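Spelled out from the first residue to the last, the chains are:
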Amino acid sequence: MIYEYISVKVFCIITSRAGREERRSAVRVTRRVCNLYLTSLHEQRCRPLTSDSKHGSSMASNSSSSNAQHRLRIISGHLQKRPEDESTGITAQECKAETPKSTPSRLTPVPKRRQEIMKWNGWGYSDSRFFFNKIGQAEFTGKRYRLSGLILPSLKDWFEGTFGANLQHKSPATPTLNLSAVAPPNLNEPFIEELKAVGVAMSHDPEDRVFRAHGHCLHEIFALREGRIGRVPDMVVWPSCHKDVEKIVELACKHNTCLIPYGGGTSVSSALECPHEETRSIVSLDTSQMNRILWIDEKNLTAHVEAGIIGQDLERQLNESGYCTGHEPDSMEFSSLGGWVATRASGMKKNIYGNIEDLVVHIKMVTPRGVIEKSCLGPRMSTGPDIHHFILGSEGTLGVVTEVTMKIRPIPEYQKYGSVVFPNFQQGVACLREVARQRCAPASIRLMDNEQFQFGHALKPQVSSIFTSFLDGLKKFYITKFKGFDPHHLCVATLLFEGDRGKVLQHEKQVYDIAAKFGGLAAGEDNGQRGYMLTFVIAYLRDLGMDYYVIGESFETSVPWDRVLDLCRNVKERIVLECKERGVQFPPLSTCRVTQTYDAGACVYFYFAFNYRGLSDPVHVYEQVEHAAREEILANGGSLSHHHGVGKLRKEWMKESVSVVGLGMLKSVKEYIDPKNIFGNRNLL
Amino acid sequence: MASRALYSSSHRMLKKRDDFKDTLEERRSSSDLRYALRCYTPTLYKGLVPCKASMLKTIVLQSDHLQYVIKQVSSEAGDSIESVTEEASLILDEMAHRLQLSTIRFFAFTLSKAFKRLFRSVCVNEEGIQRLQQAVHEHPVILLPSHRSYMDFLMMSYLLYMYDLPLPVIAAGMDFMSMKFIGEMLRMSGAFFIRRSFGGDKLYWAVFSEYVKTMLRNGYAPIEFFLEGTRSRTCKSLAPKTGLLNIVMEPFFKGELFDVNLVPVSISYERILEESLYARELLGVPKPKESTSGLLKARRVLSEDYGSMHVYFGHPVSVRSLAEGKINRSQYNLLSRHIPQKPSTDTQRFLTDAAFRLVRIQEENMVLKPWVLIATLLLQNPDGLDLCSLTEQTDWLRHLALSLGAFLDWPDHEACSEVINCSLALHRHLLSVSGGHVQLNVTETPKVETTPEEAVFHRAVVVLSCATYRNQILHVFLRPALLAVAMQSANSRRKDDIYNCFIFLRNMFSNEFILCPGDSAQDFEEACYLLVKRGVLQVLEHEIVMSVSGHSALAFLCAVLDPFLQGYQVVCRFLCEEANENLTEKEFIPAVRTFALKLILAGRLKCYEVLSSDLQKNALAALLKLKFVRKVKEDQVTLKVNKTAVNTLEDMLGGKIPTQKPVLARL
């Protein structure tokens with residue numbers, strides 16, 4: 001750790017003496033590292049860069065919080081120099097939002113009444129949304145994101161051109177929840193009485209219940225926008241610790257009520273939908289108040305955390321002690337630790353930190369049979385099948401994950417974005433395959449296809465200077481005319497390197513050298529960063545689309561390397577074909593990217609959206625197309641899911657995915673743990 | 001989608017067919033040279049990977065699939081990898097086409113000249129061409145023409161050049177290679193050559209399949225091959241082969257291609273160039289080996305009139321929609337795709353089914369000329385007909401055929417007698433017309449010193465030549481005719497009995513005609529539907545009865561199948577009476593022929609078609625399938641006959657004994 005701090009310091013000195021170019025990159029590097037501290041930064045920005053002697057003192061100190069403060073000061077020093085850099089006109093655009101700038105309000109954990117800060121019928125925070133202003137330019141509201149308050153001049157053209165949409169044709173959502181549409185709760189009074197005695201917070205307010213009745217599948221959001229409310233939980237309970245959960249589960253068993261655990265609510269597999277056939281009282285168990293880091297063990301680099309904590313809070317709090325988990329799923333602003341465990345989540349930087357199953361050391365779960373956990377924190381065991389693997393991916397069918405011991409890592413010293421342009425998608429995939437073969441993948445490496453590259457470009461904010469736009473033009477000229485890349489075929493890989501500076505630079509060179517062998521041209525940090533931004537704003541963009549008759553969704557799979565290209569092409573083409581056959585008037589957006597690399601294959605992520613004007617039942621058409629796309633994935637050797645999970649949306653394919661015996665095995669576990677189906681969300685099986 | 005139509009069985013007759021345009025018309029009025037040298041810019045496949053013919057070889061040799069098989073063969077045979085690779089490279093050299101535009105231009109010129117001399121018109125459905133253009137752009141295309149003549153593939157390339165479509169590469173039998181100069185010319189016009197049999201040769205199969213697949217995956221050119229495998233000597237469609245079909249479908253099954261378009265093409269001739277050659281071949285005169293000098297000698301064909309020719313490009317059939325719900329593509333998930341895999345039973349069944357359906361589409365789109373009707377009638381009346389009665393009956397038959405869905409090219413505004421005269425004139429060498437009496441040219445004995453055998457032979461040539469025309473329309477009558485015969489031999493009005501009998505006949509003739517395996521119920525319904533619609537039958541709940549006016553149609557339909565029934569009977573009789581214990585497979589056909597000849601000479605058999613080796617082969621295949629005859633492999637393959645069973649079968653075919661349930665149950 002000390003070594004790490006020294007290198008931060010060294011880096012700081014180097015950059016302060018180095019030329020403008022290097023400093024600029026350092027700023028951008030540090031910008032990401034610190035974006036989770038922004039609140040504190042805000043306070044410190046006015047202070048001058050502290051002296052070296054102070055470094056010494058903080059190094060000597062064992063207090064991690066003072067270390068962190070010290071680090072912030074260093075970082076803020078770099079950020080302060082930004083205006084000077086920009087005045088030279090060389091700096092490209094503003095850094096884009098890929099994680100929220102924390103505002104003071106976010107320092108408080110997720111409130112019980114989430115609808116007060118979040119949309120009840122769309123993605124994310126109520127204050128952040130896209131809209132087209134009076135002159136038809138897209139804007140993003142709020143202050144949370146890098147994109148917030150900016151104008152995106154090219155989004156309109158892209159939007160209209162891609163979907164055949166028209167700003168005149170609006171399909172606005174119902175503005176407020178019509179409370180009378182919510183069925184009165186079916187309350188289990190004895191259960192409530194006993195629960196009250198224990199002192200667990202609860203509510204049967206319709207808004208609370210509606211908020212927890214859905215995830216973010218298209219059909220769920222579409223129905224909410226139309227004001228259609230289906231079966232919703234009858235009440236919500238907020239346990240505040242493991243003991244509370246034990247009590248709740250015990251009472252639920254005693255009074256035969258149905259429990260549906262609710263973490264971040266970001267499910268895209270219909271996992272949170274209340275089963276229509278459920279006649280018992282449904283209780284939504286909201287874990288958001290179980291959000292403390294219980295301890296950090298710096299000797300073993302582990303942290304014991306309550307499972308209700310959401311990604312950004314976990315990361316921020318660990319950062320304050322100089323650590324991180326490195327687990328950054330695209331939904332990390334809202335998704336919870338327990339949710340990650342229950343769905344086998346995957347993070348963007350899994351190449352360094354691993355996926356959730358690699359990160360957990362110990363899991364505690366409350367089931368109707370009692371608590372399941374291991375007896376020690378050993379890093380690996382040979383004690384029969386790993387019981388963690390019954391819990392990981394159980395999707396709330398077996399119990400509630402209450403506490404997790406997780407690996408943590410010191411915050412990396414240095415972070416750098418990058419991007420590579422390839423003449424076509426084939427070359428890009430070949431390059432990623434080679435990177436995986438040599439096992440030198442950076443923290444994150446993603447390959448976007450041409451459509452997505454253009455999509456990313458449509459999200460470029462207004463450029464501040466003529467020089468920048470000239471530079472952009474020059475870059476484009478170089479790539480398309482001088483290097484002969486066809487703008488309708490080229491694609492871009494975005495990269496994120498992390499680690500100590502020397503190694504990052506060395507690593508970067510290695511990756512760029514491989515890329516060059518496949519015709520790849522380094523295309524700058526900015527393009528890279530914009531690529532990552534896309535994943536964070538895409539869900540907000542879907543809401544914008546839905547205001548103008550455009551609906552869409554994403555889905556993912558994992559597939560062996562030799563099938564990546566064929567699968568991508570076939571699935572995209574299948575989507576186009578199915579839309580055409582079902583009367584969709586305008587060709588859909590059907591695009592993909594390779595988001596993760598593994599030794600034996602890759603994870604592929606698809607976006608699919610279309611203009612539904614003229615269709616009588618757009619959601620049904622949408623579902624049919626998505627169904628066909630999944631069939632196509634399976635027929636091309638792809639998996640049912642890489643990280644979204646099965647839920648109820650993909651249940652029908654479980655048998656063929658894991659074999660009849662496999663499914664029977666899972667069923668028998670469910671039968672033993674939860675014979676009365678208390679955890680009755682009916683996912684997976 | 002086109003292929004959905006493939007499965008809707010009934011109401012075929014209502015399907016609208018495209019109009020034709022004579023492509024020679026323009027050739028007769030403008031310069032062939034300028035035509036051959038014109039600017040040629042074909043529609044291309046949207047996913048085309050540009051690649052030269054010479055590069056194909058490298059791609060194929062370096063493919064994972066071939067590399068895998070080379071390693072396998074080398075370790076099995078103990079040869080070095082280099083030598084196996086060398087062998088593969090030689091196979092590829094022997095096989096590969098060298099498609100060149102200049103050769104095509106040469107052919108465009110010479111064939112224009114030749115076609116103008118041979119044919120009155122070459123008619124093409126231009127809507128089909130438009131559909132093909134679309135199909136070529138969307139997905140790789142497989143052209144599946146019917147195969148009746150050597151002309152077929154020359155004509156295909158010629159037409160594709162004419163309509164600015166990409167020139168196909170054509171799978172051709174190795175026999176052409178022996179024609180030195182012509183072989184090379186064909187190679188340069190896109191033909192690639194495959195050995196007729198390479199059953200166990202793993203390396204050959206790998207090279208061949210990878211070569212085809214590489215061209216397909218890269219969208220190099222449309223691939224053309226003949227589902228029937230070889231030219232049909234009888235003009236009946238042949239039971240399709242599935243080997244190549246599997247190769248071209250596999251890239252779809254394995255997800256390497258989004259889809260493949262199959263385009264069945266039906267090529268029909270008013271008069272077939274090889275007409276009498278085929279007849280002789282069927283009678284046991286071996287087919288002349290393909291040679292350049294032979295071709296030059298055949299020049300005299302150029303001076304004759306072959307009437308008109310029709311090429312009908314069918315609707316493209318998407319393999320994707322064909323396979324939907326029938327092929328589980330995830331069966332290929334667990335094995336790396338470059339490792340060769342034998343098609344599973346399900347896949348094999350699907351391939352067979354698809355192949356049969358495609359051949360049926362070819363049949364349905366085959367244009368039939370009036371002569372086909374006349375030939376049918378003349379064969380049923382060996383003693384000939386008066387011209388006026390012929391005219392009357394042809395007209396009657398024409399209406400029957402049309403109502404059964406025949407694609408008849410009958411001149412609209414001409415009198416029936418005029419049409420008939422015209423047809424008779426074109427085929428005069430098969431006929432004798434004297435004093436208003438029309439007869440097949442069977443009575444005329446050419447020279448004085450002919451032996452009786454030779455006389456029979458000459459008559460047989462004419463009958464079999466004529467049969468090739470009748471055979472073209474068999475597919476129209478087939479299902480109703482099977483029903484008609486079933487009704488006759490079931491000797492019952494009960495639907496069940498008739499159905500059982502229908503099934504029996506259908507099984508019996510499964511090698512003779514194109515009958516999709518597993519479609520019996522559908523075929524039966526189709527036959528009933530057609531005949532009810534025509535007013536021939538009435539189908540009641542449990543019974544099928546003939547209508548008052550149905551007699552002539554039923555009699556005609558029975559007569560259609562008569563030669564085949566007789567033929568199978570003769571084969572049965574031969575096996576019961578003449579075959580000894582040691583009859584080898586090789587001896588079978590000559591022996592049956594001798595036996596039949598004896599019967600004819602003795603006046604006990606009138607049907608000359610029995611002499612056709614095709615019929616004899618099919619009969620044997622049917623008996624083998626029914627397990628009434630077994631093949632035993634000793635030094636040679638010998639045939640062991642279950643004489644009782646064959647005897648019963650003969651009686652059943654002759655309608656002597658009503659079919660009995662126990663026998664049927666065994667079938």
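All values reported here derive from a predicted model rather than from experimental measurement.

Q: Whenever I open this one, helix α10 (residues 180-188) of chain B confuses me. Can you help?
A: Side chains three or four residues apart in an α-helix point the same way, a direct result of the helix having 3.6 residues per turn. For α10 of chain B, the complete set of buried residues consists of I182, G183, M185, L186 and R187 of chain B. In the segment just after α10 of chain B, G190 of chain B is the residue with positive phi, at about 115 degrees.

Q: What is the right way to look at the packing of aromatic side chains in this model?
A: How two aromatic rings sit relative to each other is set out by the distance from centre to centre and by the angle between their planes. All names here are of chain A. One pass over the full model with this rule turns up 46 aromatic pairs over all chains. Ring geometry for F140 against Y145: centres 5.7 Å apart, planes inclined by 55 degrees, an arrangement best described as tilted. Accessibility expressed as a relative area gives 1% for F140, which makes it buried. Given the relative accessible area of 0%, Y145 is considered buried. Looking at K350, its charged tip hangs above the ring of Y598, at a distance of 3.8 Å from the centre.

Q: What should I look at first to understand a nonpolar patch on the surface in this one?
A: Together, L294, W295 and L377 of chain A give the surface a local cluster of nonpolar side chains, amounting to about 250 Å² of exposed area. Within the secondary structure, L294 of chain A is located in strand β8 (residues 293-297).

Q: Hey, could you run me through the nonpolar core in this one?
A: Side chains of nonpolar character tend, in soluble globular proteins, to be buried together. Of all hydrophobic cores here, the largest spans 228 residues; its most connected members are F119 and F477 of chain B. With 22 residues, the top contributor of residues to this core is helix α20 (residues 452-490) of chain B. Excluding residues that lie within four positions of it along the chain, F119 of chain B makes contacts with L24, R28, M155, Y269, L273, Y306, G307 and M309 of chain B. Listed in part, the 61 residues of the second largest apolar core include I575, F608, Y612 and V625 of chain A.

Q: Which parts of the structure should I look at to understand the pairing of strand β15 (residues 629-633) of chain B?
A: Remark: a regular strand shows side chains that alternate across the two faces of the sheet. Residues and elements named next belong to chain B. Pairing of β15 with strand β16 (residues 637-641) involves five bridges; the strand directions are antiparallel. The residue of β16 that forms the bridge with V629 is V641. Between β15 and β16, which pair antiparallel in sequence order, lie three residues.

Q: Help me understand helix α22 (residues 520-533) of chain B in this model?
A: All names here are of chain B. Counted at 1.5 Å a residue, the expected span for α22 with its 14 residues is 20 Å, and the 20 Å between its end C-alpha atoms agrees. Listed in full, the buried residues belonging to α22 are S520, D523, F524, E526, A527, C528, L530 and L531. Positive backbone phi, approximately 80 degrees, marks G535, located one or two places after α22.

Q: Honestly, the sheet that holds strand β3 (residues 151-152) of chain A in this entry has me stumped. Any pointers?
A: Strands belonging to one sheet form pairs held by backbone hydrogen bonds; the direction of such a pair is parallel or antiparallel. Residues and elements named next belong to chain A. Spatially, β1-β2-β3 is the arrangement adopted by the three strands of the open sheet, whose pairing is antiparallel. Looking at strand neighbours, the two that pair on one side only are β1 (130-132) and β3, the edges of this open sheet. Across three bridges, the pairing between β1 and strand β2 (residues 138-140) is antiparallel. Counterpart to F130 in the pairing with β2 is F140. Packed on one face of the sheet, helix α22 (residues 524-546) meets β1 and β2 and runs near 40 degrees to β1.

Q: What is the right way to look at the interface of chain B and chain A in this model?
A: When the parts come together, some accessible area is lost, and that loss is often what is quoted as the size of the interface. With 15 residues of chain B at the contact, the number on the chain A side is 15 residues. Summing both partners gives a buried area of about 1300 Å² for chain B against chain A, and 35% of it is carried by carbon and sulfur. Sorting the residues of chain B by area buried against chain A places F258, R329 and R337 of chain B first, and these three jointly supply 45% of that buried surface. For the pair chain B and chain A, the interface holds five salt bridges. One salt bridge connects D566 of chain A with R337 of chain B, and the closest N-O pair in it is separated by 2.9 Å.

Q: Sorry if this is basic, but what is going on with the confidence of the model for chain A here?
A: Detailed reading of the predicted model is not advised wherever pLDDT is low. For chain A, per-residue confidence averages 85 on the pLDDT scale, and residues scoring 70 or more make up 83% of the total. This model gives residues 1-106 of chain A a pLDDT under 50, and the stretch forms 179 contacts once residues within four places in sequence are excluded.

Q: Before we go on, may I ask you to explain the packing of helix α17 (residues 370-380) of chain B against helix α18 (residues 387-403) of chain B in this structure?
A: Residue and element names in this part refer to chain B. Relative to each other, α17 and α18 sit at 115 degrees, their axes nearing to 9 Å. Two packed elements cross with a definite hand, and for α17 against α18 that hand is right-handed. Taken together, the residues of α18 that come into contact with α17 (itself represented by L373, I374, T376, L377 and L378) are L390, Q393, T394, L397, R398 and A401. When grouped by side-chain class, the residues that make up the contact of α17 with α18 number seven nonpolar, three polar and one charged.

Q: I keep staring at the sheet that holds strand β10 (residues 385-386) of chain B and nothing clicks. Help me out?
A: All names here are of chain B. Pairing is antiparallel across the open sheet formed by three strands, whose spatial order is β10-β12-β11. Two strands lie at the open edges of the sheet, namely β10 and β11 (431-434), each paired on one side alone. Where β10 and strand β12 (residues 437-440) come together, two bridges link them in antiparallel fashion. Note on β12: the bridge partner recorded for D386 is H437.

Q: Explain the pairing of strand β3 (residues 141-145) of chain B to me, please; I cannot follow it from the model alone.
A: Residues and elements named next belong to chain B. For β3, the buried fraction is high: five of the five residues fall into the buried class. Where burial is concerned, the two faces of β3 agree: the one with V141, L143 and P145 and the one with I142 and L144 are both buried. Here five bridges tie β3 to strand β7 (residues 261-269), and the two strands are oriented parallel to one another. In the sheet register, P145 faces β7, and the bridge partner there is V265. As defined by bridge partners, β3 adjoins strand β6 (residues 223-224) across two bridges and the pair is classed as parallel. Its bridge partner lying in β6, I142 is registered against I223.

Q: Would you mind going over the pattern of salt bridges with me for this structure?
A: Where charged atoms from two side chains of opposite charge come close, those side chains can pair. One pass over the full model with this rule turns up 82 salt bridges over all chains. For R329 of chain B, the salt bridge identified is with E632 of chain A, shortest N-O distance 3.0 Å. Highlighted residues: R329 of chain B in the loop between α15 (319-323) and α16 (345-364) and E632 of chain A in helix α24 (residues 618-635), drawn from two different chains. A single burial state applies to R329 of chain B and to E632 of chain A, both of which are buried.

Q: How do you make sense of the environment of Y605 of chain A when you look at a structure like this?
A: Residue and element names in this part refer to chain A. By the element assignment, Y605 lies in strand β21 (residues 601-611). The exposure class assigned to Y605 is buried, which follows from its relative accessible area of 11%. On a C-alpha basis, the gap between Y605 and T591 in space is 8.4 Å, while along the polypeptide they are 14 residues apart. Setting aside chain neighbours within four positions, we find Y605 in contact with S554, F555, E556, T591, C592, R593, T595, H643 and H644. Among the polar contacts made by the side chain of Y605, one reaches the side chain of S554 at a distance of 3.2 Å.

Q: Teacher, can you tell me more about the confidence of the model for chain B here?
A: Residues and elements named next belong to chain B. Confidence along chain B averages 87 in pLDDT terms, with 92% of residues attaining 70 or more. Of all the helices and strands in chain B, helix α27 (residues 661-666) carries the lowest mean pLDDT, 40, while β3 carries the highest, 97. Low pLDDT (under 50) marks residues 657-667, which in the prediction has 18 contacts with non-local residues, meaning those over four places away or in another chain.

Q: Help me out: how do you make sense of the environment of R28 of chain B in this one?
A: Residue and element names in this part refer to chain B. With respect to the helices, strands and loops of the structure, R28 is situated in helix α2 (residues 24-29). Classification of R28 as partly exposed rests on a relative accessible area of 42%. Residues in contact with R28, not counting those within four places in the same chain, are K116, F119, R120 and S121.

Q: Looking at this structure, I do not really get the side chain of N570 of chain A. What am I missing?
A: Residue placement: N570 of chain A occurs in helix α23 (residues 564-581). Apart from the residues within four sequence positions on either side, N570 of chain A is in contact with E632 and N636 of chain A together with G255, L257 and F258 of chain B.

Reading guide: rules and limits
- Numbers given to residues run from 1 along each chain, matching the order in which its sequence is written.
- To read the labels, note that chains go from A and ligands from 1, taken in the order they are written.
- Residue-level local features of this predicted model are given only where pLDDT is at least 70; pairs of side-chain atoms are given and counted only at 80 or more, and the full residue set underlies all totals for whole chains, interfaces and linings.
- To obtain the side-chain values, all non-hydrogen atoms of the structure were used and water was disregarded.
- Only protein chains enter the accessibility calculation, which uses a 1.4 Å probe; a residue is then buried when its area is under 20% of its type maximum, exposed when over 50%, and partly exposed in between.
- Numbered from the N terminus, helices here are DSSP runs of H or I no shorter than four residues, and strands are runs of E no shorter than two.
- Aromatic rings from Phe, Tyr and Trp, taking only the six-membered ring of Trp, are treated as a pair when their centres fall within 6.5 Å; an angle between ring planes under 30 degrees marks them as stacked, one over 60 as edge-to-face, and anything in between as tilted.
- We call a charge positioned above a ring when the Lys NZ or Arg CZ atom is no farther than 6 Å from the ring centre and deviates by at most 35 degrees from the ring normal.
- A patch consists of residues whose relative accessible area exceeds 30% and which take part in no salt bridge; residues with like charges are grouped when within 9 Å of each other, and nonpolar side chains (Val, Leu, Ile, Met, Phe, Trp, Tyr) when within 5 Å.
- What sets the accessible areas is the Shrake-Rupley method with a 1.4 Å probe; for residues, cover comes only from the shown protein chains.
- A pair is scored as a salt bridge if a Lys or Arg side-chain nitrogen falls within 4 Å of a carboxyl oxygen belonging to Asp or Glu.
- Residue types Ala, Val, Leu, Ile, Met, Phe, Trp, Tyr and Cys, when buried and joined through side-chain atoms within 4.5 Å, form a set referred to as a nonpolar core.
- In what follows, residue pairs with any heavy atoms lying within 4.5 Å of each other are defined as contacts.
- Whether two strands pair comes down to DSSP finding at least two bridges between them.
- Every helix has an expected span of 1.5 Å times one less than the residues it contains.
- In this description, a line fitted to the C-alpha atoms serves as the axis of each element, helices being fitted only across the stretch in contact, and the angle between N-to-C directions of two axes falls anywhere from 0 to 180 degrees.
- A simple way to read buried area is as the amount of 1.4 Å-probe accessible surface that goes missing from two parts once joined, with both sides added.
- How sure the predictor is of each residue is captured by pLDDT, a score from 0 to 100.
- Handedness of each helix crossing follows the sense of rotation of the near helix against the far helix: counterclockwise by less than a right angle gives left-handed, clockwise gives right-handed.
- Three classes are used, and their members are as follows: Ala, Val, Leu, Ile, Met, Phe, Trp, Tyr, Cys and Pro are nonpolar, Asp, Glu, Lys and Arg are charged, and the others, Gly among them, are polar.
- Think of a polar contact as two N or O atoms within 3.5 Å of one another; within protein, one of them needs to be a possible hydrogen donor and the other a possible acceptor, and neighboring residues in sequence only count if both atoms come from side chains.

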